[in-house]
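Survey of secondary and tertiary structure
Listed below are the residues making up each chain.
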Amino acid sequence: MPRTVVKILIGSAVAMVVLIILSGVAGYAVGYVFADDPDAMARFEVAVAPVVLGVLGVGLMSAALWTAVLWMRSIDEAAREAHKSAWFWGGSTGMMLGGIAIILSFLPQASEWRLPFTFFDRDDPAIHAAIGAYAMILLMLLGYGVAWAWWWWKRR
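Residues numbered from 1 in each chain as written. Predicted model: local features only at pLDDT ≥ 70, side-chain atom pairs only at ≥ 80, totals over all residues. Heavy atoms only, no water.

Observations concerning the side chain of His83
Within the fold, His83 resides in helix α4 (residues 77-104). The buried category is assigned to His83, whose relative accessible area is 13%. Filtering out sequence-adjacent residues up to four positions away, His83 remains in contact with Trp71, Met72, Ile75, Tyr144 and Trp148. (Helix = DSSP H or I, 4+ residues; strand = E, 2+ residues; numbered from the N terminus. Buried < 20%, exposed > 50% of the residue type's maximum accessible area, 1.4 Å probe, protein only. Contact = heavy atoms within 4.5 Å.)

Here it is as structure tokens:
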């Protein structure tokens, strides 16, 4: 692997770890400050927490995109083509499979389906939408991995 790629991956990993650590420290500090006043903590969660999480999300996703752009610019043309082909064929196939699940969810029987787990003891539409989005991304990435391996296997 070229040194440039290694530098990009290490730098990006460090940046993301720093952002995650800073968010953990901030969360601990907020909990410490509001430990004696649950009402103030509830007001903080409603007013400030969405903004903080939004800023953190934008920071992490921007760092991930920046890493991907630098990495894509640093690889050779064959590797670039492998990833583009894998994303198109594998990602599209994974999205097709997720689309089938979405179509099946319109059946009347779908109202009886229950998730075998919940997150944070939640069972509301927002968490179900998030789980669906994660499942779609997972299927796309799984398809991408299979298509990428297939692309290289055919050209070995």
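Details of the packing of helix α3 (residues 49-74) against α4
Interhelical geometry of α3 versus α4 gives an angle of 130 degrees and a closest axis separation of 8 Å. Classified by the angle between their axes, α3 and α4 sit oblique to one another. Where α3 approaches α4, its residues Trp71, Met72 and Arg73 are matched on the opposing element by Arg80, His83 and Lys84. Residues that form the contact of α3 with α4 fall into these classes: two nonpolar, one polar and three charged. (Axes fitted to C-alpha atoms, helices over the stretch in contact; angles between N-to-C directions. Parallel < 35°, antiparallel > 145°, perpendicular 65-115°, else oblique. Nonpolar A, V, L, I, M, F, W, Y, C, P; charged D, E, K, R; others polar.)

Here we look at the packing of aromatic side chains
Following the criterion strictly, the structure yields three aromatic pairs and no others. Aromatic pair Trp151 and Trp152: ring centres 4.9 Å apart, planes at 80 degrees, arrangement edge-to-face. On the basis of relative accessible area, Trp152 is assigned to the partly exposed category, the value being 32%. The residue whose ring lies beneath Arg155 is Trp151, and the NZ or CZ to ring-centre distance is 4.1 Å. Seen from the ring of Trp153, Arg156 lies directly overhead, with NZ or CZ sitting 3.8 Å from the centre. (Phe/Tyr/Trp six-rings, centres within 6.5 Å; stacked < 30°, edge-to-face > 60°. Lys NZ or Arg CZ within 6 Å of the ring centre and 35° of its normal.)

No statement about biological role is implied by the geometric values presented.
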